[in-house]
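Architecture at a glance
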Amino acid sequence: MTIEETFVTVSARRMGELMDRLERAVAKLTPEQVWMRASENENAVGNLVLHLTGNVRQWILSGLGGAEDRRVRDAEFEARGGEDVRELMVRLRAVVQEAQRVIGGMKAEELMGRVVIQKTDVTKMEAVMHVLEHFSGHAFQVFFAAKMFTSGDLGFYAHLRSK
């Protein structure tokens, strides 16, 4: 495999791995915990899920895949509950799966092509890297919250433990 092919393959796979872990973490939380905030300056787990859905849709599905950009970013942070947690995760999973198809289908010569997303001129490779970094950062916020709320291990690395 070329470096470019490896980049798109690993990027698409990593999106799926992070999504799997995010689902596991959110599944451990009650609906109240998903929407809980210690202050108005914080985002609830539910807001982070809405935000990731919007970000991946805007940057990958719209920016790289050509879908209509219908994101209302402020609404992702203004939500205060009321949405079914399972439905939030189903929507995020669908967006991530479509993003995996878009990323995985990119050809080497496309990666250096330029796009403007959120008023930012980037290469398509930079757009993928941005989404992976952004998704990872917020996913780890959710993991931290899940550990705090449940006082439990999320089990991501259970296979590495000594017996």
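Being a predicted model, the structure only gives us computed values, none of them experimental. (Residues numbered from 1 in each chain as written. Predicted model: local features only at pLDDT ≥ 70, side-chain atom pairs only at ≥ 80, totals over all residues. Heavy atoms only, no water.)

It is the contact of helix H3 (residues 45–62) with helix H5 (residues 85–104), at a shortest axis distance of 9 Å, that shows an interaxial angle of 25 degrees. For the element pair H3 / H5, the angle class is roughly parallel. Like other packed secondary-structure pairs, H3 and H5 cross with a definite hand, here left-handed. On H5, the residues that touch Gly46, Val49, Leu50, Leu52, Thr53, Val56, Arg57, Ile60 and Leu61 of H3 are Leu88, Met89, Arg91, Leu92, Val95, Glu98, Ala99, Val102 and Ile103. (Axes fitted to C-alpha atoms, helices over the stretch in contact; angles between N-to-C directions. Helix = DSSP H or I, 4+ residues; strand = E, 2+ residues; numbered from the N terminus. Parallel < 35°, antiparallel > 145°, perpendicular 65-115°, else oblique. Left-handed = near helix turned anticlockwise from the far one by under 90°. Contact = heavy atoms within 4.5 Å.)

Bringing the nonpolar core into the picture now. One finds Met15, Leu22, Ile60, Leu92 and Phe135 to be the most contacted residues of the largest nonpolar core, which totals 50 residues. Only helix H1 (3–27), H3, H5, strand S1 (114–117) and helix H6 (124–150) provide two or more residues apiece to this core. Per-element accounting of this core gives the leading share, 10 residues, to H6. If near-sequence neighbours (up to four positions away) are discounted, Met15 is found in contact with Val56, Val96, Ala99, Gln100, Ile103, Val131, Leu132 and Phe135. (Core = buried A, V, L, I, M, F, W, Y, C linked by side-chain atoms within 4.5 Å. Buried < 20%, exposed > 50% of the residue type's maximum accessible area, 1.4 Å probe, protein only.)

Counted under the stated rule, the structure contains 2 aromatic pairs. Aromatic pair Phe140 and Phe143: ring centres 5.0 Å apart, planes at 70 degrees, arrangement edge-to-face. Of the two residues, Phe140 and Phe143 both sit in helix H6, 3 residues apart, roughly one turn of that helix. Phe143 sits in the buried class, given a relative accessible area of 4%. Between Phe143 and Phe156, the aromatic rings sit 4.9 Å apart at their centres with planes inclined by 70 degrees, giving edge-to-face as the arrangement. On the criterion of sequence distance, the pair formed by Phe143 in helix H6 and Phe156 in the segment after H6 is long-range, its members being 13 residues apart. In this pair, the class of Phe143 matches that of Phe156, namely buried. Aromatic rings pair up to connect Phe140, Phe143 and Phe156 into one cluster. (Phe/Tyr/Trp six-rings, centres within 6.5 Å; stacked < 30°, edge-to-face > 60°.)

Moving on, we come to the pairing of S1. Alternating positions in S1 separate cleanly, Val115 and Ile117 being buried on one face and Arg114 and Val116 remaining unburied on the opposite face. Judged from the 4 bridges that link them, S1 and strand S2 (residues 120–123) form a sheet pairing that is antiparallel. Opposite Arg114, over in S2, you have Thr123 as the bridge partner. (Pairing = 2+ DSSP bridges.)

Turning our eyes to something else, we now look at the environment of Leu22. Secondary-structure assignment places Leu22 in helix H1. Overall, Leu22 belongs to the buried group, its relative accessible area being 0%. With 120 residues separating them along the chain, Leu22 and Val142 place their C-alpha atoms 7.3 Å apart. The contact partners of Leu22, leaving out residues within four places of it in the chain, are Leu52, Met89, Leu92, Phe135, Ala139, Val142 and Phe143.

To continue, consider H6. Taking 1.5 Å of rise per residue, 27 residues should cover 39 Å, and H6 covers 39 Å from first to last C-alpha, within 8% of that figure. Just past H6, the residue Ser151 takes up positive phi, approximately 55 degrees. (Expected span 1.5 Å × (residues − 1).)

What follows concerns the packing of H1 against H5. Following both chains from N to C, one finds H1 and H5 inclined at 170 degrees, their axes separated by 8 Å at the closest point. Viewed along their axes, H1 and H5 adopt a mutual orientation that is roughly antiparallel. Two secondary-structure elements touch here, H1 through Val8, Ser11, Ala12, Arg13, Met15, Gly16, Met19, Asp20, Leu22, Glu23 and Val26 and H5 through Val85, Met89, Leu92, Arg93, Val96, Ala99, Gln100, Ile103 and Gly104. Here the residues of the contact of H1 with H5 are counted per class, giving 12 nonpolar, 4 polar and 4 charged. (Nonpolar A, V, L, I, M, F, W, Y, C, P; charged D, E, K, R; others polar.)

Even without glycine at this site, Gln118 takes up a positive phi of about 50 degrees. Tracing the backbone through its elements, the reader meets Gln118 in the loop between S1 and S2. One non-glycine residue, Lys119, adopts positive backbone phi at about 60 degrees. Positionally, Lys119 belongs in the loop between S1 and S2.

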